[in-house]
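# Remarks on the overall topology
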Amino acid sequence: EIVACCLAVAQCFSIFPVEKIDGPHEKAMSVTKVANTSSWEECDDRPDRAMVFTRMSAYPDLLHTGESQLVVKYGHAIVDIDVITVTFRQFYYIEPLKFWFEYARVTANLCDRNPGVCPMKQGNFTITDNHQNINPLSPYGMYRSLQTFHSPSGELLGCFRADLP
């Protein structure tokens, strides 16, 4: 019954199972780790990418209802970048159906969200996101954040994916 209900909701709201990431940085979106720990990967393996991510930290690692979370991404810029747009795609893993359910997609100016990041100069960078308190109605489980970074002209600069419990 739960599976049938989830499928009905997905069809009613045109929400679909997402198997791949759109674009030239396409990579299979499999469950690499469904556990009580955060994991991440760089999802852009082009040799000419402008942003290279090297690590991520989440505090706290395991998020509970009513808590906020600080996520810090580290990396280095291959070139100077004046303005960066980021698209956040948020997913929830539905275990019985074995797929990632995309429930939100937001595009924002990274420079506005993170003062001091732009203009990004060639060399090391740090991007910090503060996730507010989790909604008490949010289901327990694994969440995925897929973040693609673009220039104002739409050129892909880099891609970062994090799985957070």
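Just above, that's the structure.
First, a word on scope: everything that follows refers to the structure included in this document. Everything quoted here is computed from the prediction, not taken from an experiment.

Thresholds, definitions, all that
Residues numbered from 1 in each chain as written. Predicted model: local features only at pLDDT ≥ 70, side-chain atom pairs only at ≥ 80, totals over all residues. Heavy atoms only, no water. Helix = DSSP H or I, 4+ residues; strand = E, 2+ residues; numbered from the N terminus. Buried < 20%, exposed > 50% of the residue type's maximum accessible area, 1.4 Å probe, protein only. Core = buried A, V, L, I, M, F, W, Y, C linked by side-chain atoms within 4.5 Å. Contact = heavy atoms within 4.5 Å.

## A closer look at the overall build of the chain
When helices and strands are counted, the chain shows two helices and nine strands. Of the regular secondary structure in the chain, the N- to C-terminal order runs α-β-β-β-β-β-β-α-β-β-β. Counting across all 165 residues of the chain, residues that qualify as buried make up 45%.

## Considering the nonpolar core
Met51, Ile84, Met120 and Phe149 are the most contacted members of the largest nonpolar core, which has 23 residues in total. Looking at this core, the elements that each hand over two or more residues are strand S3 (51-59), strand S4 (69-77), strand S5 (85-94), helix H2 (110-113), strand S7 (123-131) and strand S9 (156-164). Listed in part, the seven residues of the second largest apolar core include Tyr93, Trp100, Met142 and Leu146.

## Focus on unusual backbone geometry
Here the residue pair Cys118 and Pro119 is connected by a cis peptide bond, since its omega of -5° sits within 30 degrees of zero. With respect to the helices, strands and loops of the structure, Pro119 is situated in the loop between H2 and S7. In this structure, Lys98 is a non-glycine residue whose phi angle is positive, near 60°. With respect to the secondary-structure elements, Lys98 resides in the loop between S5 and strand S6 (99-109).

## Some details on the side chain of Gln147
Within the element layout of this structure, Gln147 appears in strand S8 (residues 143-150). Setting aside residues up to four positions removed in sequence, Gln147 forms contacts with Lys73, Val86, Thr87, Phe88, Asp129, Gly158, Cys159 and Phe160.

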